[in-house]
Amino acid sequence: MTVEIKQRFIKQEYWPRKCPVSIIPRYITIHEMNTWQDAEACAKYAARSLDPSAAHIYVDERQAIQIIPFDRCAQACGDRDGSGNRESISVEICRSEAPGNLYYQAMANAIWIVRQLMDQLQVAPDHVVRHYDWTGAKCPKRMLKEDLWSVFLRGLFDEKGGNV
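It should be emphasised that the depicted structure is a prediction, and the values quoted were computed from it without experimental measurement.

### Structural notes on helix α4 (residues 102–121)
Next up, step 1: An ideal rise of 1.5 Å per residue puts 28 Å on 20 residues; α4 measures up with 28 Å between its terminal C-alpha atoms.
Next up, step 2: Downstream of α4 by a residue or two, Gln-122 has a phi angle that is positive, lying close to 60°.

Written as structure tokens, this is what we have:
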């Protein structure tokens, strides 16, 4: 399995609102968009929204779309100037409210993407965290509800990749 990260960066004129600070990533934070929509729709919405919150990458069952460079903060963790926003790459799993297996396929792709990012950015395994771990927010909601966090973490080290 391979999932290519398609880069569709937001315009630099939006950086002061969406990704105002340069960072050196030390963490990867997992989020979920509470929607049935795919990565394309979620990334477009986040890029155009006036809300400063956005993730670096949006993942679904088919693709991964990056809208914020890895050397810029994404204000998705809700901890203001804390390590969640200022030292973390935010990965947003889409399709959490979709019927059938779309969510599980998106989660498997997210595992694959996170494995790549861990290698590329030299992120330690204990620095892969949930949005919940920064602020107590119920995110990733479905993963928490279905008790899938341990499955996600095991998938990072499974020889077969992101099988869920």
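### Focus on the pairing of strand β5 (residues 88–93)
In regular strands, side chains alternate between the two faces of the sheet.
Next up, step 1: The element β5 is largely enclosed, with a buried count of six among its six residues.
Next up, step 2: Relative to β5, strand β2 (residues 27–32) is paired through six bridges, and the arrangement is parallel. By the bridge assignment, Ile-28 is partnered in β5 with Ile-89.
Next up, step 3: Two elements, strand β3 (residues 57–59) and β5, share three bridges in a ladder whose sense is parallel.

### Structural notes on the environment of Gln-37
Next up, step 1: Relative to the assigned elements, Gln-37 resides in the loop between β2 and α2 (39–48).
Next up, step 2: Note: C-alpha distance between Gln-37 and Asp-60 (23 residues apart in sequence) is 8.7 Å.
Next up, step 3: What Gln-37 contacts, discounting residues up to four positions off in sequence, is Cys-42, Cys-94 and Arg-95.

### Thoughts on the sheet that holds strand β1 (residues 5–7)
Next up, step 1: With mixed pairing, six strands are arranged side by side in an open sheet as β1-β4-β3-β5-β2-β6. Edge positions in the sheet fall to β1 and β6 (128–130), since each has one partner strand and no second. Averaged over all pairs of adjacent strands, the angle between their axes in this sheet comes to 25°, without regard to strand direction.
Next up, step 2: Lying on the sheet, helix α7 (residues 149–157) is in contact with β2, β5 and β6; it crosses β6 at an angle near 160°.

Criteria and thresholds
The residue count restarts for each chain, going from 1 along the sequence in the order it is written. Residues qualify for local features only when their pLDDT is at least 70, as the model is predicted, and side-chain atom pairs are given and counted only at 80 or more; totals for whole chains, interfaces and linings, by contrast, use all residues. Based on all heavy atoms of the structure, the side-chain values leave hydrogens and waters out of the count. Numbering of helices and strands runs from the N terminus; a helix is a DSSP stretch of H or I covering at least four residues, while a strand is a stretch of E covering at least two. An expected span of 1.5 Å times one less than the residue number is assigned to each helix. The buried label applies to any residue whose accessible area, calculated with a 1.4 Å probe on protein chains only, is under 20% of its type's maximum; exposed applies above 50%, and partly exposed to all values in between. Following DSSP output, two strands are said to pair if at least two bridges run between them. We call two residues contacting when some pair of their heavy atoms lies within 4.5 Å. Fitting a line to C-alpha atoms yields each axis, with helices limited to the stretch in contact; the angle taken between N-to-C directions then spans 0 to 180 degrees.

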